[in-house]
Amino acid sequence: MENTKEMRKWLDDLNLGHPLVIAGPCSAETEEQVLGIAHSLKDTDVSYYRAGIWKPRTRPGNFEGVGALGLKWLQKVKDETGMKTATEVANRAHVELALEHDIDLLWIGARSTVSPFIVQEIADALEGTDKVVLIKNPVNPDLSLWLGAVERLSTANIKKLGVIHRGFSTYEKTKYRNIPEWQLAIDLQTRFPDLPIINDPSHITGKRDMIFDVSQTALDLNFDGLMIETHHDPDNAWSDAAQQVTPKTLVQIMKDLIIRKESDSEAEYNAKLSNLRAQIDIFDHQLIETLGKRMKVSDSIGALKKQKNVAVLQSNRWNQILGAMILEGESKGLSEEFILKMFKAIHQESINHQEKIINAEI
Ligand code: PEP
Ligand code: MN
């Protein structure tokens with residue numbers, strides 16, 4: 001892929017002095033709604049006004065967007081507020097209509113990025129465009145699929161590119177709507193350090209009260225901007241009601257976020273430190289998550305042992321685990337002493353859990 005420096009020129013040229021903000025409702029609902037929210041966002045840090053016109057709904061029967069009519073409302077937004085406009089496109093017909101209505105930024109949704117056929121169709125329809133095109137991560141945590149989409153667009157001679165990190169689906173219930181898997185976004189940044197990366201805390205969290213924290217983590221990880229769904233009456237929004245914030249809350253979030261600049265050496269040091277600390281926080285959360293899951297499995301073993309009436313401690317098994325973990329730890333630069341201490345602590349917790357189960361009355 002060609003030099004990614006050129007891909008971020010559109011962003012540098014905006015000369016913002018703060019992270020890029022894309023905001024607006026999940027879906028365009030009515031002309032009044034689209035224009036009303038836009039006017040509330042007019043004199044804020046928002047550069048691009050978003051509104052979904054065609055909504056990819058997981059199950060049929062929900063509101064599927066107002067269609068091309070909404071593009072006219074977005075044109076009015078641009079005329080009346082001067083904000084640039086943004087919407088999702090999912091096929092050639094969408095692209096043609098969005099270009100006809102002079103939409104400034106088009107994004108490819110998570111459900112489209114998974115399909116190379118769709119991505120190629122969109123890339124062909126956009127060939128050589130001077131509009132900004134952003135690619136959301138695919139719904140599944142597959143870095144190649146995400147990069148592949150960037151490559152298809154770049155090959156179609158689209159110069160103003162970027163990606164949006166909106167998290168990944170899991171079958172497992174978590175506190176997120178779509179788990180962030182930050183490491184994947186960090187890996188993408190490492191591969192293409194100049195490619196603009198925008199965080200979408202709305203679709204990651206699914207809940208408005210978690211948006212601030214995810215946004216702060218993203219900024220600490222040097223993301224270039226945020227896309228935050230904003231609605232004047234979030235609870236009554238026709239889609240994604242729980243995750244939308246009011247324009248007032250959006251302004252407050254932007255004010256409270258700590259934006260670390262890299263202007264002098266002290267600031268650079270602080271920015272690097274918070275970036276590394278944000279990475280450590282992510283791993284610490286993963287450790288707790290994994291240990292919690294390990295204990296659940298251990299509980300099930302406890303229940304099984306109770307049924308069979310066998311002892312909690314099976315020392316052969318324990319010595320086997322320990323030997324294997326010491327070797328694996330060595331290959332990752334972890335000392336034998338550390339592995340021993342850590343696994344003894346884990347094992348003790350496991351025994352405590354199992355004892356509790358075995359000794360419980362029925
Ligand atoms: C959206 O931005 O409203 C949307 C549908 O997002 P995603 O593709 O991330 O689900
Ligand atoms: Mn949405």
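This is a predicted model, so every value here is computed, not measured.

Participant: Lay out the packing of aromatic side chains in plain terms, naming residues and giving numbers.
Facilitator: The geometry of an aromatic ring pair is captured by two quantities: the separation of the ring centres and the angle between the planes. On inspection of all chains with the given rule, the structure shows three aromatic pairs. Taken together, a centroid distance of 6.5 Å and an interplanar angle of 80° make the contact between Trp10 and Tyr48 edge-to-face. Taken as a pair, Trp10 in helix α1 (residues 9-12) and Tyr48 in strand β2 (residues 46-50) lie far apart in primary sequence, 38 residues in all. Just as Trp10 is buried, Tyr48 falls in that class too.

Participant: Residues and numbers for the site of ligand 1, please.
Facilitator: Taken together, 13 residues sit near ligand 1, with Arg50, Lys55, Arg111, Lys136 and Arg166 positioned nearest. In the model, an oxygen atom of ligand 1 is placed 2.9 Å from a nitrogen or oxygen of the Ala110 main chain. Within the side chain of Lys136, one N or O atom sits 2.8 Å away from an oxygen atom of ligand 1. Within the complex, the protein chains bury 97% of what would otherwise be the 290 Å² of accessible surface of ligand 1. When the residues that make up the shell around ligand 1 are grouped by side-chain class, the tally is four nonpolar, two polar and seven charged.

Participant: Before we move on, can you summarise the coordination of the manganese ion (ligand 2) with the specific residues and values?
Facilitator: The coordination sphere of the manganese ion (ligand 2), as far as protein atoms go, consists of Cys26 (SG), His203 (NE2), Glu229 (OE) and Asp240 (OD), spread over 2.1 to 2.4 Å. The sequence pattern formed by the donor residues of the manganese ion (ligand 2) is C-x176-H-x25-E-x10-D. In this pair, His203 is assigned in helix α9 (residues 201-205) and Asp240 in the loop between β8 (225-229) and α11 (247-256), connecting sequence segments 37 residues apart. Comparing His203 with Asp240, the two get one shared label, buried.

Participant: Describe helix α12 (residues 265-308), listing the residues and the values that go with them.
Facilitator: For α12, spanning 44 residues, the distance from its first C-alpha to its last is 64 Å, which sits close to the expected 64 Å at 1.5 Å a residue. Taken residue by residue, α12 has Ala267, Ala271, Ser274, Asn275, Ala278, Ile282, Met295, Ser298, Gly302 and Lys305 as its buried positions. On its buried side, α12 packs onto α8 (182-191), α10 (211-220) and α14 (336-359). Of the residues one or two after α12, Asn309 is the one with positive phi, at around 60°.

Participant: Quick rundown of the pairing of strand β3 (residues 84-89)? Include the residues and the values.
Facilitator: Counting buried residues in β3 gives five out of six residues, a clear majority hidden from the surface. Bridge analysis of β2 against β3 gives three bridges, and the strand direction is parallel. Each residue of the ladder has a partner; that of Arg50, found in β3, is Ala86. On the question of chirality, the crossover connecting β2 to the parallel β3 by way of helix α3 (residues 69-81) is right-handed. Where β3 and strand β4 (residues 105-108) come together, four bridges link them in parallel fashion. Residue pairing in the sheet places Ala86 in a bridge with Leu105 of β4.

Each value, and the rule that gives it
Position labels on residues start from 1 in each chain and follow its written sequence. Here the convention is simple: chains get letters from A, ligands get numbers from 1, in the order in which they are written. For a predicted model such as this one, the threshold for reporting local features is a pLDDT of at least 70, and the threshold for listing and counting side-chain atom pairs is 80 or more; totals across whole chains, interfaces and linings nevertheless cover every residue. Excluded from the side-chain calculations are hydrogens and water; all other atoms, namely the structure's heavy atoms, are used. Here a Phe, Tyr or Trp ring, Trp counted by its six-membered ring, pairs with any other such ring whose centre lies within 6.5 Å, and the pair is stacked when the planes are under 30 degrees apart, edge-to-face when over 60, and tilted otherwise. Here a helix means four or more residues in a row that DSSP labels H or I, a strand means two or more in a row labelled E, and each is numbered from the N terminus. The buried label applies to any residue whose accessible area, calculated with a 1.4 Å probe on protein chains only, is under 20% of its type's maximum; exposed applies above 50%, and partly exposed to all values in between. We call a residue near a molecule or strand as soon as one heavy atom of that residue lies within 4 Å of the molecule or strand. Contacts described as polar in this section are N or O atom pairs within 3.5 Å, which, within protein, must combine one atom able to donate a hydrogen with one able to accept it, while residues neighboring in sequence count only if both atoms come from side chains. Note that accessible areas follow from Shrake-Rupley with a 1.4 Å probe, and for residues the cover is restricted to the protein chains shown. Residues were grouped as follows: Ala, Val, Leu, Ile, Met, Phe, Trp, Tyr, Cys and Pro as nonpolar; Asp, Glu, Lys and Arg as charged; and all remaining residues, including Gly, as polar. In this analysis a donor is any N, O or S atom within 2.8 Å of a metal ion (3.2 Å for sodium, potassium and calcium), and since water is not included, sites may seem incomplete. A helix's residues, less one, multiplied by 1.5 Å, set its expected span. Two residues form a contact once any of their heavy atoms are found within 4.5 Å. In short, DSSP must find at least two bridges between two strands for them to pair. The crossover handedness rule: strands pointing away from the viewer, path from first strand over the helix to second strand clockwise, crossover right-handed.

Everything listed is a geometric property; what it means functionally is a separate question.
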